[in-house]
Amino acid sequence: MFTFVSGNLVLDFIGTVKARRTDFTDLLETPADLGDWFVEAGLLDRAPTGDPDTLRQATALREAAWHLALAAIDGNPLPDADRRLINRLAQGPLPDLALQPDGSVRRTGTADQALSEIARTAIELFAGADSPRIKECGRQDCTRLYVDTSRAGSRRWCDMTVCGNRSKSAAFRARQA
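This is a predicted model, so every value here is computed, not measured.

What counts and what doesn't
Residues numbered from 1 in each chain as written. Predicted model: local features only at pLDDT ≥ 70, side-chain atom pairs only at ≥ 80, totals over all residues. Heavy atoms only, no water. Helix = DSSP H or I, 4+ residues; strand = E, 2+ residues; numbered from the N terminus. Contact = heavy atoms within 4.5 Å. Core = buried A, V, L, I, M, F, W, Y, C linked by side-chain atoms within 4.5 Å. Buried < 20%, exposed > 50% of the residue type's maximum accessible area, 1.4 Å probe, protein only. Axes fitted to C-alpha atoms, helices over the stretch in contact; angles between N-to-C directions. Parallel < 35°, antiparallel > 145°, perpendicular 65-115°, else oblique. Left-handed = near helix turned anticlockwise from the far one by under 90°. Nonpolar A, V, L, I, M, F, W, Y, C, P; charged D, E, K, R; others polar. Pairing = 2+ DSSP bridges. Polar contact = N/O pair within 3.5 Å; in protein donor to acceptor, adjacent residues only side chain to side chain. Phe/Tyr/Trp six-rings, centres within 6.5 Å; stacked < 30°, edge-to-face > 60°. Lys NZ or Arg CZ within 6 Å of the ring centre and 35° of its normal.

To continue, consider the environment of Ala19. Here Ala19 lies in the loop between β1 (17–18) and β2 (25–26). Measuring from C-alpha to C-alpha, the distance between Ala19 and Glu124 comes to 26 Å, with 105 residues separating the pair along the chain. If near-sequence neighbours (up to four positions away) are discounted, Ala19 is found in contact with Phe24, Asp141 and Thr143.

As structure tokens, this is what we get:
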């Protein structure tokens, strides 16, 4: 159900909204959706129970991270209110990790703990070396953000198999017309 192509947990979390500027589609409509995202993202092994307040907090975190990412892309100062929200959420406890006998890791915790992990990841991204490498997908109706790890810094799409192919196909059709 969810897509993880951004190269960073918080950017994938921001990506739970599709087509922000044209056909805003929120993939986190219920607390259960949020729990499913935590599991698919590898933050927790089981979806925690959630409530509408937790979902609202998650949405606020996601939107604050979106604003910080846009500021980073544009080279602008980070918005104070969004920065303060992320700092506050990052102060919470993290999910619990336990090494299993087979060498795997068990991840347990609450939704608040998972949100704290996302907030800490946001701080590390926006204060780190990858901040200048944050880009927005070049396909017109896609607003997914990603970390451009290409050697030349010339990556144009969030995902070559979807957005890249669609953009190249549209350009080809336009040339043929």
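Right, let's get into the nonpolar core. Of all hydrophobic cores here, the largest spans 37 residues; its most connected members are Leu11, Phe13, Trp37, Phe38 and Ile118. Contributions of two or more residues to this core are made by α1 (9–14), α2 (31–40), α3 (52–74), α4 (80–90), α5 (111–127) and β6 (145–147). Top element by residues in this core is α3. It accounts for 9 residues. Setting aside its immediate chain neighbours within four residues, Phe38 contacts Leu43, Leu44, Pro48, Ala111, Ala114, Leu115 and Ile118. Listed in part, the 6 residues of the second largest apolar core include Cys137, Tyr146, Trp157 and Cys158.

This brings us to the packing of α4 against α5. Helix packing for two helices is described by the angle between their axes and how far apart those axes are. Between α4 and α5, whose axes approach to 7 Å, the crossing angle comes to 130°. One finds that α4 runs oblique with respect to α5. The crossing of α4 and α5 is left-handed. Across the interface between the two elements, Ile86, Asn87, Leu89 and Ala90 from α4 touch Ser116, Ala119, Arg120, Ala122 and Ile123 from α5. Residues that form the contact of α4 with α5 fall into these classes: 6 nonpolar, 2 polar and 1 charged.

Moving on: the pairing of strand β4 (residues 105–108). Two strands pair when backbone bridges link them, and strand β3 (residues 96–99) and β4 are joined in this way by 4 bridges, in the antiparallel orientation. Bridging from a neighbouring strand, Leu97 pairs with Arg107 of β4. Where β3 folds back onto β4 in an antiparallel hairpin, the turn is made up of 5 residues, including Gly103, whose phi is positive at roughly 90°.

Attention now goes to the side chain of Gln113. Note that Gln113 resides in helix α5. Polar side-chain contacts of Gln113 include one of 2.9 Å to the backbone oxygen of Leu94. Filtering out sequence-adjacent residues up to four positions away, Gln113 remains in contact with Pro93, Leu94, Pro95 and Asp96.

Here the focus is unusual backbone geometry. With a phi close to 50°, Ala19 is a non-glycine residue in the positive phi region. Ala19 sits in the buried class, given a relative accessible area of 15%.

We now examine the packing of aromatic side chains. Enumeration according to the criterion identifies 3 aromatic pairs in this entry. With a centroid separation of 5.7 Å and an interplanar angle of 35°, the aromatic rings of Phe4 and Trp37 are classed as tilted. Of this pair, Phe4 sits in the segment before α1 while Trp37 sits in helix α2, placing them 33 residues apart in sequence. Residue Trp37 is classed as buried on the basis of its relative accessible area, which comes to 0%. Between the aromatic rings of Trp37 and Phe38, the centroid separation amounts to 6.4 Å while the plane-to-plane angle is 70°, which identifies the pairing as edge-to-face. For the pair formed by Trp37 and Phe38, the shared burial category is buried. Geometry around Trp66 places Arg20 over its ring, the cationic atom sitting 4.2 Å from the centre.

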